[in-house]
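# Working through the structure, step by step
For reference, the chains in residue letters:
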Amino acid sequence: MARRDWTEKLRVYLVTDDRPDHGEVAAIVEQALAGGVTCVQLRRKQEDGGPMLKLALRLRELASAHGALFIVNDRLDIALLSGADGVHVGQTDLPASLVKSRFPELVVGVSARSVGEAVQAEQDGADYLGVGSVYPTATKGDAVLTGLDVLAACKRAVRIPIVGIGGITVERAPEVMAAGADGVAVVSAVMSAPDPKAAAAALAQLTFS
């Protein structure tokens, strides 16, 4: 997939949570896609491969129906078997350089917490970066707080797109974009919203304005 075909789809980036009810996850994602989410990342840190693949196939179907990207966190096997557009890896996950060299057609995202990590990820072949945690977050217990300054510095240091992540809400999204982000990644701002469609629509309006 050519970069021009997917970069704009990083604008409103939804990361799933670990709630056990797959039907509920799919229903929220479907509402969020209808509201304007442009990328869905399946992140399930405590799930076996079989159930995760089943959910991945459903989310792949939903994302495709709405013209959105579908990314799988860490699990390259699930990404390949579900036909995902890409895989996202952290600093201690699978090496981005190896993933990209073996599967060049996949969009590969890498988490970065510093300029050094951002530059290294770009050198390793990453297609985009997830930079954060921009704000304090309860979603990821081991998240390192980076703030807006690190995000802005990373943007200046690399040429690939950057998505801000960590504690981002509808209210905070404008300052994340103003700091140089190409998109915002959210979990609870949409997954736990009373109206996921409306929350996604609000984010889409802010990030595409």
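Computed from a predicted structure; not experimentally measured.

Under the definition given, this model contains 11 salt bridges. Between Arg-159 and Glu-122 there is a salt bridge, and its shortest N-O distance comes to 3.9 Å. A residue pair is termed long-range when its members are at least 10 positions apart, and Arg-159 in the loop between helix H7 (147–157) and strand S7 (162–165) and Glu-122 in helix H6 (residues 115–123) qualify at 37 residues. Since its relative accessible area comes to 78%, Arg-159 is described here as exposed. Here Lys-155 makes a salt bridge to Asp-182, at a shortest N to O gap of 2.8 Å. Of this pair, Lys-155 sits in helix H7 while Asp-182 sits in the loop between helix H8 (173–178) and strand S8 (183–186), placing them 27 residues apart in sequence. When its relative accessible area of 27% is taken as the criterion, Lys-155 is described as partly exposed.

The contact between helix H2 (residues 22–35) and helix H3 (residues 49–65) brings their axes to 10 Å, and the two run at 20 degrees. Relative to H3, the element H2 lies roughly parallel. Of the two possible hands of crossing, H2 and H3 adopt the one that is right-handed. Of the residues in H3, those in contact with His-22, Val-25, Ala-26, Val-29, Glu-30 and Leu-33 of H2 are Pro-51, Leu-55, Arg-58, Leu-59, Leu-62 and Ala-63. Grouping the constituent residues of the contact of H2 with H3 by class yields 9 nonpolar, 1 polar and 2 charged.

With that out of the way, let us pick up the sheet that holds S8. Around the barrel, 8 strands lie side by side as S1-S2-S3-S4-S5-S6-S7-S8; this closed barrel has parallel pairing. Ignoring strand direction, the axes of neighbouring strands in this sheet form an average angle of 25 degrees. Those strands touched by H3 are strand S2 (39–42) and strand S3 (69–73), and its axis lies near 160 degrees from that of S3. Of the strands in this sheet, strand S1 (12–15) and S8 touch helix H10 (residues 196–207), which is tilted by about 145 degrees from S1.

Conventions used here
- Residues numbered from 1 in each chain as written.
- Predicted model: local features only at pLDDT ≥ 70, side-chain atom pairs only at ≥ 80, totals over all residues.
- Heavy atoms only, no water.
- Salt bridge = Lys/Arg side-chain N within 4 Å of Asp/Glu carboxyl O.
- Helix = DSSP H or I, 4+ residues; strand = E, 2+ residues; numbered from the N terminus.
- Buried < 20%, exposed > 50% of the residue type's maximum accessible area, 1.4 Å probe, protein only.
- Axes fitted to C-alpha atoms, helices over the stretch in contact; angles between N-to-C directions.
- Parallel < 35°, antiparallel > 145°, perpendicular 65-115°, else oblique.
- Left-handed = near helix turned anticlockwise from the far one by under 90°.
- Contact = heavy atoms within 4.5 Å.
- Nonpolar A, V, L, I, M, F, W, Y, C, P; charged D, E, K, R; others polar.
- Pairing = 2+ DSSP bridges.

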